[in-house]
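Overview (structure and organization)
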Amino acid sequence: MRLVLCLVNVILVLLIFSLSTRHAEGLKDRNITIGGIFPMSGSWAGGQGCLPAVQMALEDVNLRDDILPEYHLNMDFDDSQCMPGLGTKVLYELLYNQPKKVIVLTGCSIVSTFVAQAAKMWHLIVLAYGSSSPALSNRDRFPTFFRTHPSATLHNPTRVKIFQLFKWKRIATIQETQEVFTSTVEDLEERVKAAGIEVAVRQNFLTDPTNAVRNLKRQDARIIVGVFYEDMARRVFCQAYKEKLYGKKYVWFIIGWYPNNWYKVDDPSINCTSDQLKEALEGHITTEAVILHQEKTKTDTNMTSQQFKARLDERLNVSDTSQVGGYPEAPLAYDAVWALAIALNKTSERLRDRGLNIEDFNYSNSEITDEIYSAMNSTKFVGVSGNVAFSSQGDRIAWTKIEQLINGTYYTLGYYDQNSDNLTWLHKERWTGGHPPPDRTKQMPVLRVVSLGLFLSMCGLSTFGIFAGVACLIFNIINSKRRCIIHSHPRMNSIVVIGCILCLICVFLLGLDSRFVSEDTYPLICQLRAWILSFGFSLGYGGMFSKIWTVHRLTTSSRQKNKKEVKNCEMYIVLTAIILIDLIILTTWQAIDPMYRSLEMFDLEPAPSTEHDIMYKPYLEHCDSNNISIWLGVVFGHKGILLLFGIFLSYETRSVKLKQVNDSRFVGMSIYNVVVLCVITVPIVLIIKSQQDASFAFVALAIILCSFLSLGLIFGPKVIEILRNPKRNQHEIRSLTESVVGKEEEERHQKLLTENGQLQAQIAEMEEKVRTLNRQLKEKMQERIRLTTSKGITSNLTVETNRKSSKTKPSYSPTQVLEMRTPECMISSDYYSDSGIHTCSTVIRSTKNSPSENEV
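All figures in this text were calculated on a predicted structure; none of them were measured in a lab.

Reading the values: rules and limits
Residues numbered from 1 in each chain as written. Predicted model: local features only at pLDDT ≥ 70, side-chain atom pairs only at ≥ 80, totals over all residues. Heavy atoms only, no water. Patch = residues over 30% accessible without salt bridge, like charges linked within 9 Å, V, L, I, M, F, W, Y side chains within 5 Å. Areas by Shrake-Rupley, 256 points an atom, 1.4 Å probe, with all protein chains shown as cover. Salt bridge = Lys/Arg side-chain N within 4 Å of Asp/Glu carboxyl O. Lys, Arg positive; Asp, Glu negative; His and termini not counted. Charge placed at Lys NZ, Arg CZ, Asp CG, Glu CD. Helix = DSSP H or I, 4+ residues; strand = E, 2+ residues; numbered from the N terminus. Buried < 20%, exposed > 50% of the residue type's maximum accessible area, 1.4 Å probe, protein only. Axes fitted to C-alpha atoms, helices over the stretch in contact; angles between N-to-C directions. Parallel < 35°, antiparallel > 145°, perpendicular 65-115°, else oblique. Left-handed = near helix turned anticlockwise from the far one by under 90°. Contact = heavy atoms within 4.5 Å. Nonpolar A, V, L, I, M, F, W, Y, C, P; charged D, E, K, R; others polar. Pairing = 2+ DSSP bridges. Arc of directions from axis to C-beta. Right-handed = clockwise from strand over helix to strand, strands pointing away. Disulfide = S-S within 2.5 Å. Core = buried A, V, L, I, M, F, W, Y, C linked by side-chain atoms within 4.5 Å. Phe/Tyr/Trp six-rings, centres within 6.5 Å; stacked < 30°, edge-to-face > 60°.

**Digging into a positive patch on the surface**
Side chains of Lys217, Lys244, Lys248 and Lys249 sit close together on the surface and give a patch of like positive charge. Here Lys248 shows up in the loop between α8 (230-242) and β9 (251-255). Residue Lys248 is classed as partly exposed on the basis of its relative accessible area of 45%.

**A short note on the packing of helix α7 (residues 210-218) against α8**
Between α7 and α8, the least distance of the axes is 9 Å, while the angle of their chain directions is 45°. Viewed along their axes, α7 and α8 adopt a mutual orientation that is oblique. Considering the relative orientation of α7 and α8, their crossing is right-handed. From α7, Thr210, Val213 and Arg214 reach across to α8, where they touch Val236, Gln239 and Ala240.

**Side note on the packing of helix α15 (residues 490-510) against helix α20 (residues 692-724)**
In the contact formed by α15 and α20, the axes pass within 10 Å of each other and the chain directions differ by 160°. As summarised for this structure, α15 and α20 are arranged roughly antiparallel, according to the angle between their axes. Note on packing geometry: the crossing formed by α15 with α20 is left-handed. When α15 is examined against α20, the residues Asn493, Val496, Val497, Cys500, Cys503, Leu504, Val507 and Leu510 are found in contact with a partner set consisting of Phe696, Val699, Ala700, Ile703, Ile704, Ser707, Ser710, Leu711, Ile714, Phe715 and Lys718. Of the residues belonging to the contact of α15 with α20, the class tally is 15 nonpolar, three polar and one charged.

**Notes on the sheet that holds strand β5 (residues 145-147)**
Through backbone hydrogen bonds, the strands of a sheet pair up, either in parallel or in antiparallel fashion. The parallel open sheet is built from five strands, whose spatial order is β2-β1-β3-β4-β5. The two strands at the open ends of the sheet, each matched to only one other strand, are β2 (71-79) and β5. Taking the axes of each pair of neighbouring strands and ignoring which way they run, one obtains an average angle of 25° across the sheet. As defined by bridge partners, strand β1 (residues 30-38) adjoins β2 across nine bridges and the pair is classed as parallel. Each bridged residue has a counterpart across the sheet, and for Ile37 the counterpart in β2 is Asp78. On top of the sheet, helix α2 (residues 47-63) reaches β1, β2 and β3 (101-106); it is set at about 170° to β2, its chief contact.

**What about helix α12 (residues 367-377)?**
Those residues of α12 that fall on the buried side of the exposure criterion are Ile368, Thr369, Glu371, Ile372, Ala375 and Met376. Summarising the axial view, the buried residues of α12 lie within an arc of 160°, below the 170-degree limit, and thus occupy one face. Next to the buried residues of α12 lie β3, β4 (125-128), β5 and α11 (330-353).

**Thoughts on the pattern of salt bridges**
The full count for this structure, using the stated rule, is 26 salt bridges. We note a salt bridge from Arg354 to Glu371, for which the minimum N-O separation is 2.6 Å. Taken together, the residues span a long stretch of sequence, with Arg354 in the loop between α11 and α12 and Glu371 in helix α12 at a distance of 17 residues. Notably, a salt bridge pairs Asp513 with Arg515, separated by 3.7 Å at the nearest N-O pair. Judged by relative accessible area, which is 33%, Arg515 ranks as partly exposed. Three or more residues joined by partner-sharing salt bridges are found here, namely Arg350, Arg354, Glu367 and Glu371.

**Remarks on the pairing of β3**
Burial analysis of β3 places six of its six residues in the buried class, the great majority of the element. Pairing of β1 with β3, which is carried by three bridges, proceeds in the parallel orientation. The residue bridging Gly35 from the neighbouring strand is Val104, located in β3. Of the pairings in the sheet, the one linking β3 to β4 comprises four bridges and is parallel in character. Looking at the pairing, Val104 lines up with Val126 of β4. The handedness of the β3 to β4 crossover, carried by helix α4 (residues 109-119), is right-handed.

**Topic: the side chain of Glu288**
Along the chain, Glu288 falls in strand β10 (residues 285-289). Although buried, Glu288 forms no salt bridge, and the nearest oppositely charged side chain, Lys401, lies 4.2 Å from it. Glu288 has contacts with His155, Gly256, Trp257, Trp399, Thr400, Lys401 and Glu403, leaving out every residue within four places of it along the chain.

**A short note on the state of the cysteines**
For the structure shown, the criterion picks out three disulfides. What pairs with Cys238 in a disulfide is Cys272, and their sulfur atoms sit 1.9 Å apart. Here the S-S torsion is close to 75°, and the disulfide linking Cys238 with Cys272 is therefore right-handed. Taken together, the positions of Cys238 in helix α8 and Cys272 in the loop between β9 and α9 (274-281) put the pair 34 residues apart, joining distant regions of the chain. You can call Cys238 buried: its relative accessible area is 3%. For Cys272, a relative accessible area of 12% puts it in the buried group. Linked covalently through their sulfurs, Cys526 and Cys623 form a disulfide whose S-S length is 1.9 Å. Between Cys526 and Cys623 the sulfur-sulfur dihedral comes to about -80°; the bridge is accordingly left-handed.

**Some thoughts on the nonpolar core**
Membership of the largest hydrophobic core comes to 110 residues, with the highest contact counts inside it found for Leu73, Leu105, Phe228 and Leu344. Among the nonpolar cores identified, the runner-up in size contains 60 residues, and Leu454, Phe475, Met544 and Val675 belong to it.

**Observations concerning unusual backbone geometry**
The step from Gln98 to Pro99 runs through a cis peptide bond, and the omega angle for that step is 0°. The residue Pro99 is located in the loop between α3 (84-96) and β3 in this model. Notably, Asn317 is not glycine yet its phi reads approximately 60°, a positive angle. For Asn317, the location among the structural elements is in the loop between α10 (305-316) and α11. Residue Asn317 is classed as exposed on the basis of its relative accessible area of 67%. In the Ramachandran plot, Asn407 falls in the positive-phi region, its phi being about 55° despite a non-glycine side chain. Tracing the backbone shows Asn407 in the loop between β13 (400-406) and β14 (409-417).

**Some words on the sheet that holds strand β6 (residues 170-176)**
Strand order in the open sheet made by the eight strands is β7-β6-β8-β9-β10-β13-β14-β15, with mixed pairing throughout. Taken across any chain shown, the strands that pair with only one partner, and hence form the sheet edges, are β7 (198-205) and β15 (422-425). When the angles between neighbouring strand axes are averaged without regard to direction, this sheet yields 25°. Relative to the sheet, helix α6 (residues 179-194) contacts β6, β7, β8 (223-227) and β9, its axis offset from that of β6 by approximately 165°. Against the sheet, α8 touches β6, β7 and β9, its axis set at about 170° to β9.

**With respect to the packing of aromatic side chains**
For the structure shown, the criterion picks out 31 aromatic pairs. The interplanar angle of 55° and the centroid separation of 5.9 Å between the aromatic rings of Phe464 and Phe708 together place this pair among those described as tilted. Of the two residues, Phe464 is situated in helix α13 (residues 452-478) and Phe708 in helix α20; the sequence distance between them amounts to 244 residues. The exposed category is assigned to Phe464, whose relative accessible area is 55%.

Encoded structure:
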C-alpha cells in the first residue's frame, strides 16, 4: 500500500514539473541571443569547464519565470583557442551573422582585450568569465566591459599582506610577456613600493624562460612572484628544477586558478617528469579569488555550491576534473549568465515603461546599451561563486584565498578581504626548512683583520727593536765622554734612536683595528699613525740627513780653503726645518680634512657552515679623508725629496772621512738602506692595500729593517771599538779611522804620480822647443857671419855660439825631477800645489828666451 502511495506521489510531482515547464516555455515566446567566445584549447583551455557551466546556467535561467519571463536566452558560440586574432574573427562572425547579439561572453584575458576594445564600436556589452588582466579595468579603453572573474590585481594586496606577515622586504618577479601579466606586475610594484618592499629582480620571457630563471638564481632571488599561463608555468618550474631554484631557501608565489594537478599534464615542450615538477613546486603558495560559495545554504540561483559541483561533474562525466581546463572558473561562468540575465531582466522592465523592448537593440543605437550598462552596474546577488557585484571599473568584488602545495596537495592557508583589509590566517603553512626562508641570503659582515700570528710576531720584533734602541741610548749616554762617541755627535745619534723607536711604536698602531678598538676610537688611531710615523721618520732619517749634509758641506768648504769646523747648531737647524715642515703639513691636514674610518666592501663569501643560509660580507677598514690623495702626495713629495737629496749626498761623500764626523760612511750606508726600502715598500703597499696581511707585513718589515739597520750601522762599530779599547781613547779613534786614512793617503799618492807624469810630458815638450830654437839660432848666426867682414868679429861670434850651445838643458828621470832643489822650482813630495806648477813654468820660460841682438 505504501509503495502504491509513493508511486502516486512521484507521478504527481512529475506531472506538476512537466506542466510548469511547459507553462514557462509557453510564456517565453521571444528570443534573446548572446554571443559566446570560449577557449577550448590553447595556452588556457578554460572553455572545457566553462562552456558546460554556461549551458547549465542558460537552462536554469530559462526555467525561471521570474527572470526574463517573456524571453528565452540562446547562445551562439565558437572557439578562440585563447588567441587574440582568432577571437576577434569569432567576434566579427557573431556580429555579422543573425540573430543580433545583445551581450558577448569572453574567456581569456588576451582575447577579451581585443574583443572589448572592438565591441564598443558596436555598442555591445562584453561580460568575461575568465579574464583577470588589470588592463581591462581601464574604463577609457573598455567602457562596456564587465567580468565575474576578479582582476589579477586582486592578488597583489593579498601578496603584500603575506610579505608583511613573514617580514619579507625583498622580492623578485618573473612574468610571461603578455599584457595581462605586465599590468599585474606593474600594479604589484606600486603596491610593494608603498609598503616599503623592494623589487630587487625583474625578469620576463616570451616563450623560453631559461635565461630568466638563471638570472633569478644569479641575483639571489628568494621570494619569487611568477605570473604566467599554465603551459608556461610547467616550463618555468622545469627550468627551476634544473637550476635548483627551489627548496628551503625559496618561496614561489604563482596564480591559483590552474587546475589542481596542472603539473601532471603530459607536456612535450618540457623534458621534466611530473615528479620533478612536483619536487620543484613543493611549498609554493597560490593566491586566487574565492570562486565558490563557502556556505552550505542555497544561493539566489536556488542551488548550493556543492549541488552545482555535483551537477557539473555529472555533465562533464570525467573521473579527474583536475584535468579539465577551466574547471575552477566554472562557477564564475555560471554566475556570468545569471548576472547578464538579471541585468537584462531589469533592462526589460525599464524599457517597457518607455514603450521599448530588448528586441529593438541594434549595433548603432546606444540607448538600450546604456540601460543594460546601468543594470549591470547595479546587479547584486549571491551566486555559486559567492557574492556577485561589480565595481565602477566593471571588476568583480571578491575575497582572496591563499593555498600552499604540501606533499602534492593544496591546503588552504587563509583568506583576505580587501574591502576590510582583513587577513584570516589559519597557521597551517609548512616550510621545508622548518621556518620561513629569509628574503635574501643573510649577509653577515665580517671584518678582515691582520692575522693574529703575524701581528704578534711583528710586535715582538718591534718590541725587541725598542729595547735595542733604549740600550743604544743608554750606551750613548754612558760613553758620551769617549772620543769615538764625541766625534760622532752623540746628541744627534740619540735623536736618530728616538726616531727609530717612534717608528717601531707605530708598528703596534698599524695592526690595531675594530678588533681591539671601537669604531669611534679608530679615527684617533689614524691620526696617531700619521703623526708618530711622520715624526719618527723625520727624527730618524732627518738626524742622519743632517750628518751627511754636514759632511758634504765640510768637504766642499775644505776645497775652498774654509775652516774645517762643525757647528752643532747647523745640524739642528736642518733637523728643525724638516720637523717644522712635517708639523705644518700634519696640522693643516688635521684641521682642514681630518681622517675618518672608511670601509672597503668585498664580494660575498660562503660561510663554512651550510646549515644556515648565511654569506659572509667581508669588509676592510681604512684611514681615509676627503682628499687623501692630495695629502699623501704632499707628504710623499716632502719625504721623497729628502730621500733623493740624502742618497745624492751619500754618493758624493762616499769616500770622505772626517775626524769631526767619524761615522759618515756608516750614516751613508744607513741612508742607502732607508731609501731602497722606502722606494720598494711605498708603491707596493699602495697597490696591495686591500690585502691586509700583505700590506701590514710590508710596512712593518720595512720599518723594522730600517730601524735595525740604522741602529746597527751607527752604533755597531762604536760598541765594538769601545769593547776592544776600553781605556785607550786616542788609539781607539785611530783604529776606527785608520783604514779610511790609509785609503786617503793612497789616493793622494796616486794623484801626485799622475800629475808628475803630466809635468814630465810638459818638460819634454819644452825641451823639444828649445832644441828647435837652438837650430834656428845657429842658422841665423851663420848668416850674420857671412855678412861680417871682420875676422875678429867672426871669431868672437864662433866662441859665443859655442858657449850658448853648451847651455842646452839635459833630460832628467822622474825620480830626479822629484828631488830637484832649485830656487826657481821646488818640486817634491813635501811641496805640491798649483803654485809649484806656476814656478816651474816660469823657469822653463826663462830657459826658452833666445839671446838678444845686443848679446850677439
